[in-house]
Amino acid sequence: MHLSIHNIYSPKTADFQWQIQSCIGQISEGVLRKGKNRRIVKITVFTSCSDNSDYMKKLNLLNHVLSQYDDFQAPASLVSQAPMDCGTLMEVWILDYSGSECTFQFNRSERTSVLHIDSLQFGCLFSTHVSAKHPIFKENVNETFGLLDTTLKEWSFDYNEIVRQWNYIENIIHCDTVKDSRIQNYQIFNDMRSIFYEQ
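What counts, and where the lines are drawn
Residue positions within a chain follow its written sequence, with the count starting from 1. At least 70 in pLDDT is required for a residue's local features to be given in this predicted model, at least 80 for side-chain atom pairs to be given and counted, and no such filter applies to totals for whole chains, interfaces and linings, which use all residues. The side-chain quantities take in all heavy atoms of the structure and omit both hydrogens and water. Classification of ring pairs rests on two measures: the distance between centres of Phe, Tyr or Trp rings, Trp counted by its six-membered ring, which must be within 6.5 Å, and the angle between planes, read as stacked under 30 degrees, edge-to-face over 60 and tilted in between. Only DSSP runs of H or I reaching four residues or more are called helices, and only runs of E reaching two or more are called strands; each is numbered from the N terminus. Working definition: with a 1.4 Å probe on protein chains only, accessible area under 20% of the residue-type maximum means buried, over 50% means exposed, and in between means partly exposed. To sit over a ring, a charge needs its Lys NZ or Arg CZ within 6 Å of the ring centre and within 35 degrees of the ring normal.

A. Examining the packing of aromatic side chains more closely. Counted according to the given criterion, the structure contains nine aromatic pairs. Note on tryptophan 93 and tryptophan 166: the rings are 5.2 Å apart at their centroids and 90° apart in plane angle, and the pair reads as edge-to-face. Residue tryptophan 93 is located in strand β4 (residues 88-96), and its partner tryptophan 166 is located in the loop between α3 (137-154) and β8 (175-178); the two are separated by 73 residues in the primary sequence. Residue classification places tryptophan 93 among the buried residues on the basis of a relative accessible area of 10%. Between tyrosine 159 and tyrosine 197 the ring centres are 4.9 Å apart and the planes differ by 55°, which places this aromatic pair in the tilted class. Taken together, the positions of tyrosine 159 in the loop between α3 and β8 and tyrosine 197 in helix α4 (residues 185-197) put the pair 38 residues apart, joining distant regions of the chain. Classification of tyrosine 197 as partly exposed rests on a relative accessible area of 30%. The lysine or arginine in question, lysine 42, covers the ring of tryptophan 166, its NZ or CZ lying 4.7 Å from the ring centre. Geometry around phenylalanine 16 places lysine 58 over its ring, the cationic atom sitting 5.6 Å from the centre.

Below, the structure written as structure tokens:
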């Protein structure tokens with residue numbers, strides 16, 4: 001088995017949906033055609049978003065577009081960070097499982113997507129969880145970790161089995177005042193993460 005990471009770029013022209021479909025076309029015509037035992041296991045899209053409303057609109061559009069392609073049934077994250085020299089960048093992780101028997105089970109809901117991979121050699125999860133509906137940052141972090149916690153329990157995994165966790169935090173250096181003290185979003189996130197990891 002082999003995991004490879006591919007960065008696909010779309011031009012700045014046209015709208016976000018066209019940019020996503022351009023990236024999908026490049027992946028479909030390129031690396032996915034190099035073997036039949038290849039599966040996309042993770043997708044991260046980097047693009048510019050004007051505000052939280054624009055972010056949610058683009059995230060929903062991304063999930064809608066990906067849901068129309070069988071080869072792209074994998075957890076997808078949207079990062080509000082404009083690429084330097086293109087409109088949208090799609091980072092795609094592809095598992096080449098030639099010579100191995102693997103089963104894949106993918107589920108997507110409004111705020112969670114999970115890909116479970118099972119084989120004789122290992123079992124693993126790739127997942128994404130998002131919460132951006134609360135006006136208070138801490139509430140969004142708590143809900144996101146609650147979604148992760150539910151996913152781990154549903155699939156009989158524990159926090160000590162997490163190999164890598166990526167966190168895309170809006171306004172990471174923003175400070176809020178809590179009990180007359182200023183606290184940065186990143187510190188709030190770290191405190192909440194510690195609570196869940198210590199369970």
